[in-house]
Amino acid sequence: MGFRLSKIYTRTGDKGETGLGDGRRVPKDHPRIEAIGEVDSLNSQLGVLLAGLDQHGLDEVAEVLAPCQHRLFDLGGELAMPSYQALNSAEVERLEAAIDRWNEELGPLENFILPSGSALIAQAHVCRSLARSAERRCQQLNSVEPLAGVGLAYINRLSDLLFVAARLIGRRQGVAEVLWQAAAKP
């Protein structure tokens, strides 16, 4: 593989536009760029979660989540190059299988839980909330420029996986779920 970036700065975006993979230039606040940015934010925070999982020996969770960084990069590529398709339904099915496997162990959720309990649990929830944000930005783009492929399903399923992963991390760490307590009625 050759060099992808020979120069980090180009100065071509200094006036508020950026280039897409198909050669188009769009404003930096275009829905496509917003979606790319949210996917990138999620990928970065997922990297923080994976580093923590490695430090705490939670290989089982890391093995399922690590490929997601690559698939998020693929999704970013699809967003940057509208005719490019990298994700496939097998990847969505992989996430669903992990959700089903982990949920079977965890059992049904009977109360609302807070994104709390340990730093790793909270980080998994940060990733989950960023996945929801990325999904909203992708849906916003989809309403303006319809998206092909399974990207929307993938990002939706990934947020579900991250929720279940947060619960599994708590189980593996021996940390009880922090249950939501409703405010006292006035």
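As a reminder, the structure under discussion sits directly above these lines.
Report on the accompanying structure. (Residues numbered from 1 in each chain as written. Predicted model: local features only at pLDDT ≥ 70, side-chain atom pairs only at ≥ 80, totals over all residues. Heavy atoms only, no water.)

1. Some remarks on the environment of I169
Note the cut-off: In this description a helix means any DSSP run of H or I spanning at least four residues, a strand means any run of E spanning at least two, and both kinds are numbered starting from the N terminus.
Looking at where I169 falls in the secondary structure, it is placed in helix 5 (residues 151-173). It is 22 Å that separates the C-alpha atoms of I169 and S133, two residues lying 36 residues apart in sequence.

2. Here we look at the nonpolar core
Put simply, the test is: For this analysis, a nonpolar core means a set of buried residues of the types Ala, Val, Leu, Ile, Met, Phe, Trp, Tyr and Cys, connected via side-chain atoms within 4.5 Å. Burial classes follow relative accessibility: with a 1.4 Å probe on protein chains only, a residue under 20% of its type's maximum area counts as buried, one over 50% as exposed, and anything between as partly exposed.
Residues L49, L53, L65 and L161 are the most contacted members of the largest nonpolar core, which totals 43 residues. Elements represented by at least two residues in this core include exactly helix 1 (31-55), helix 2 (59-80), helix 3 (89-106), helix 4 (119-144) and helix 5. Per-element accounting of this core gives the leading share, eleven residues, to helix 5.

3. Thoughts on the packing of helix 3 against helix 5
The condition that has to hold: Think of each axis as a best-fit line through the C-alpha atoms, taken over the contacting stretch in the case of a helix, with angles from 0 to 180 degrees between the N-to-C directions. Orientation categories follow fixed angle ranges, with anything under 35 degrees roughly parallel, anything over 145 roughly antiparallel, 65 to 115 roughly perpendicular, and all other angles oblique. Definitions for this section: a left-handed crossing has its near helix turned counterclockwise from the far helix by less than a right angle. A right-handed crossing has that turn clockwise. The criterion used for residue contact is that any of the two residues' heavy atoms lie within 4.5 Å.
Running from N to C, helix 3 and helix 5 point in directions that differ by 30 degrees, and their axes come no closer than 9 Å. Judged by the angle between their axes, helix 3 and helix 5 are roughly parallel. The two elements helix 3 and helix 5 cross, and the hand of that crossing is left-handed. For the pair helix 3 and helix 5, the contacting residues are E91, V92, L95, E96, A98, I99, W102, N103, E105 and L106 in the first and A153, Y154, R157, L158, D160, L161, V164, A165, R167, L168, R171 and R172 in the second.

4. Considerations on empty space enclosed by the protein
Our working definition: Residues are said to line a cavity or pocket when one of their atoms sits within 4 Å of a point; the points come from a 1 Å grid over protein atoms alone, cavities being sets where a 1.4 Å probe fits but cannot get out and pockets being open sets with protein on both sides within 12 Å along at least five of seven lines. Grid points are joined across faces, edges and corners, and a volume is the space filled by probe spheres set on the points.
All told, the structure shown has one cavity of 30 Å³ or more when counted by the stated rule. In this model, the largest cavity occupies a volume close to 60 Å³. Forming the boundary of the largest cavity are I113, L114, S116, I121, H125, A166, R167, G170, A176, E177 and V178. Residue assignment for the lining of the largest cavity shows that the elements contributing at least two residues are helix 4 and helix 5.

5. Digging into helix 3
Convention followed: The span one expects for a helix is its residue count, reduced by one, times 1.5 Å. What the arc describes is the spread of directions from the helix axis to the C-beta atoms. The term polar contact refers here to a pair of N or O atoms within 3.5 Å; inside protein, the definition further demands a hydrogen-donor-capable atom paired with an acceptor-capable atom, and it admits residues adjacent in sequence only when both atoms are side-chain atoms.
The end-to-end C-alpha distance of helix 3 is 26 Å, a good match for the 26 Å that 18 residues give at a rise of 1.5 Å each. Burial in helix 3 covers these residues: E91, V92, L95, A98, I99, W102 and L106. For helix 3, the buried positions fall inside an angular range of 125 degrees around the axis, keeping them on one side. Of the residues in helix 3, the exposed ones pointing more than 90 degrees away from the buried face are D100 and E104. Those residues of helix 3 that are buried lie in contact with helix 2 and helix 5. The N-cap residue of helix 3 is N88: its side-chain oxygen and the backbone nitrogen of A90 are 2.9 Å apart. Just downstream of helix 3, G107 is the residue with a positive phi angle, here 80 degrees.

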